[in-house]
Amino acid sequence: MGLRIAVIGAGASGIAAAARMRAAGHDVQVFEKAARLGGTWRENRYPGVACDIPSHLYRFSFAPNPDWSMEYAGGAEILAYLDRAARDLGVAGLIRCGEEVRRAALEGRRWRLTTTSGDAGAFDLVIAAMGVLHKPVLPAIPGREAFAGRSFHSARWPEDLSLDGLRVGVIGTGSSATQIVSAVADRVARIALFQRTPQWIFSVPNRPIAAAKREAFAAEPERMRGLYDMLGEAMNGRFAAALVGRNPEALAEIEANCRANLARVRDPDLRARLTPDYEVGCKRLVISDRFYEAIQSPAAQLVTDPIERIEAEGVRTGDGALHALDVLVFATGFDTFNFHRPMKVIGRAGRDLDDDWAGSSRALRSVAVPGYPNFFFVGGPNSPIGNFSFLMTAEAQVGFIAGLADLVEAGEAPRLVEPREDATQDWNARLEAAMPGTVWAAGGCSSWYFDRSGKVASWPWTYEDFTASLARPDPAEFHLA
Ligand code: NAP
């Protein structure tokens, strides 16, 4: 009955991978480190957590959802969607929760997996769908442990915490911090936002989707399809193309929106401090129609003096001020280049992925790595991490992996399918040559798109290029053994 396939991770991409492989008749097991599925939407439970991709674009094409309640859905609603999709697609029963894969090693023609529960058996093919933004980074600020109140990373929000009436500090100005501040500014006693770098903030209203419209979507799914296509064109044809230098007119429109949004800040000094000095789109664009109102509310304070240290009472800034706090939130982002660790991946001839990726991670078409046959990534190196709906990305990559699985299965015994080194080098040379044309590289900022070697790790071409590059594997790019 097909191949024996292990999927690592039960977030959106793992669910997509498992659903596709199961539908193709393979024997699939999904390993999930946590107690339930959901990936980023399980981890991020902070007040205001929502997706800034339109709801009707943030879904699998094979699991349309007429019931989205908002144009941009909240985290809990997306988690419920993933639960439902996993159940309806027959994936929920394949997930082994609480089993973190610690080691994957090629033994002969199969991959042996070891999880936190011990030996998990051997598999013909492994799909690592471990997400990108899931290893919280705490800042190396002196005194971090000295704080006497409650402090935690934005992705580790305590279940039992109410911020009502408290003095709250938030470090960071990315999407997470912006959503938190917008959600709580009117119910805290005081909120201090510690900003190291201002962000460009694009304003889009988030409106409820009327019940009548939802009923119409359920009754006539082709209307949903039409909306999906329209949103896809706006997102991929305009926004994403603008970021990679292929739609200057759209980039100018995005900038005009951000500047008009910023003009809502009435105090010129505050406005100046909130104004970035790099190009719009260079850092991951923050989407919010509420943040500037929130930061101008009586309880809010934008702190731009650099943080000197954290003390028992609060945060001490370079001007000598102590910002006294009850709660301190580190909205300081994720370790985006360590997504597969602490798992050890040992490939052909004892090769260790930690060594191969020590300087910079490299793959063929984001999916396959020389030396690691039949081990494939969703969300791997140079995936479009800042451009498209990640669910669309995952679906396209999973489709390509399905093609690779066909090549594995086409032999009398399962074959080893491994990208050629020359094809991988050529692919990465093309990526590098294209990168200077993107706003991430040319926009004059630092961001989590840059890896340790200074390489931008996103996708430098358009959505059409992305789907075309993953239409089907070209056997000439692979060794088939
Ligand atoms: P982030 O974008 O990486 O932002 C981290 C913030 O922390 C930055 O403002 C950074 O400042 C600041 N920071 C880090 N270390 C610091 C230090 N030592 N002192 C002071 N400030 C420090 O993280 P995030 O907001 O969690 O978002 C990560 C990504 O998740 C987003 O870019 C987005 O892709 C995704 N996300 C999406 C949504 C959504 O609505 N779809 C919501 C949340 C997150 P610098 O800029 O100066 O480095």
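As a reminder, the structure under discussion sits directly above these lines.
None of these values were measured; they are calculated from a predicted model.

Definitions and limits used
Think of each chain on its own: its residues are numbered from 1, step by step along the sequence as written. Per-residue local features are limited, in this predicted model, to residues with pLDDT of at least 70; the limit for side-chain atom pairs, both in listing and counting, is 80 or more; totals at the level of whole chains, interfaces and linings are taken over all residues. As a rule here, side-chain values cover all heavy atoms of the structure and leave hydrogens and water aside. Secondary structure elements are defined from DSSP: runs of H or I of at least 4 residues count as helices, runs of E of at least 2 residues count as strands, and each element is numbered from the N terminus. Should any heavy atoms of two residues lie within 4.5 Å, those residues are counted as being in contact. Being near a molecule or strand, for a residue, comes down to having at least one heavy atom within 4 Å of it. By the criterion applied in these results, polar contacts are pairs of N or O atoms within 3.5 Å in which, for protein atoms, one can donate a hydrogen and the other can accept it, and in which residues neighboring in sequence qualify only through two side-chain atoms. Residue burial considers only the protein chains on display, and all accessible areas are found by Shrake-Rupley using a 1.4 Å probe. The disulfide criterion used throughout: a pair of cysteine sulfur atoms within 2.5 Å. Only protein chains enter the accessibility calculation, which uses a 1.4 Å probe; a residue whose area is less than 20% of its type maximum is buried, one above 50% is exposed, and one in between is partly exposed. Two rings from Phe, Tyr or Trp (for Trp, the six-membered ring) form a pair when their centres are within 6.5 Å of each other. A pair whose planes differ by under 30 degrees is stacked, one over 60 is edge-to-face, and the rest are tilted. Criterion for a charge above a ring: Arg CZ or Lys NZ at most 6 Å from the ring centre, at most 35 degrees from the ring normal.

## Digging into unusual backbone geometry
Turning to step 1, where the next piece is worked out: With an omega of 10°, the peptide bond running from Arg341 to Pro342 counts as cis.
Turning to step 2, where the next piece is worked out: Mapped onto the elements, Pro342 comes out in the loop between strand 17 (327-330) and strand 18 (344-346).
Turning to step 3, where the next piece is worked out: The backbone of Ser366 sits at a positive phi, close to 70°, despite the residue not being glycine.
Turning to step 4, where the next piece is worked out: Relative to the helices and strands, Ser366 is located in the loop between helix 10 (353-356) and strand 19 (375-377).

## A closer look at the side chain of Ser154
Turning to step 1, where the next piece is worked out: As for its position among the elements, Ser154 is in the loop between strand 8 (150-153) and strand 9 (167-171).
Turning to step 2, where the next piece is worked out: Discounting residues that sit within four places of it in the chain, Ser154 has contacts with Asn44, Tyr46, Ser176, Ile180, Val329, Phe330 and Ala331.

## Describing the site of the ligand
Turning to step 1, where the next piece is worked out: In the neighbourhood of the ligand, 22 residues make up the surrounding shell, with Ala50, Thr173, Ser176, Thr197 and Lys283 lying closest.
Turning to step 2, where the next piece is worked out: A distance of 2.8 Å is found between an oxygen atom of the ligand and a backbone nitrogen or oxygen belonging to Ala50.
Turning to step 3, where the next piece is worked out: Within the backbone of Ala331, an N or O atom sits 3.3 Å from an oxygen atom of the ligand.
Turning to step 4, where the next piece is worked out: Burial of the ligand by the protein amounts to 85% of the accessible area it has alone, namely 910 Å².

## Some points on the state of the cysteines
Turning to step 1, where the next piece is worked out: Under the definition given, this model contains 1 disulfide.
Turning to step 2, where the next piece is worked out: Each sulfur in the disulfide pair Cys282 and Cys445 lies 2.1 Å from the other. Between Cys282 and Cys445, the disulfide has an S-S torsion of -90° and is therefore left-handed. Placement of Cys282 in the loop between helix 8 (268-273) and strand 12 (286-287) and of Cys445 in the loop between helix 13 (439-442) and helix 14 (463-469) is noted, with a sequence separation of 163 residues between them. With respect to burial, Cys282 and Cys445 carry one shared label: buried.
Turning to step 3, where the next piece is worked out: Cysteine Cys51 remains unbridged, with the sulfur of Cys258 as its closest cysteine sulfur at 17 Å.

## Quick notes on the packing of aromatic side chains
Turning to step 1, where the next piece is worked out: Applying the stated criterion across every chain yields a total of 18 aromatic pairs.
Turning to step 2, where the next piece is worked out: With centroids separated by 5.0 Å and ring planes inclined at 85°, the aromatic side chains of Phe388 and Tyr463 adopt a geometry described as edge-to-face. Residue Phe388 is located in the loop between strand 19 and helix 11 (390-409), and its partner Tyr463 is located in helix 14; the two are separated by 75 residues in the primary sequence. As far as burial versus exposure is concerned, Phe388 and Tyr463 are alike and both buried.
Turning to step 3, where the next piece is worked out: An angle of 80° between the planes, with centres 5.0 Å apart, marks the rings of Trp459 and Trp461 as edge-to-face.
Turning to step 4, where the next piece is worked out: Cluster of aromatic residues (ring-pair linked, three or more members): Phe388, Trp427, Trp459, Trp461, Tyr463 and Phe466.
Turning to step 5, where the next piece is worked out: When the ring centre of Phe123 is taken as origin, the NZ or CZ atom of Arg4, which lies over that ring, is 4.3 Å away.
Turning to step 6, where the next piece is worked out: Sitting over the face of the ring of Tyr228, Arg59 holds its NZ or CZ atom 3.8 Å from the ring centroid.

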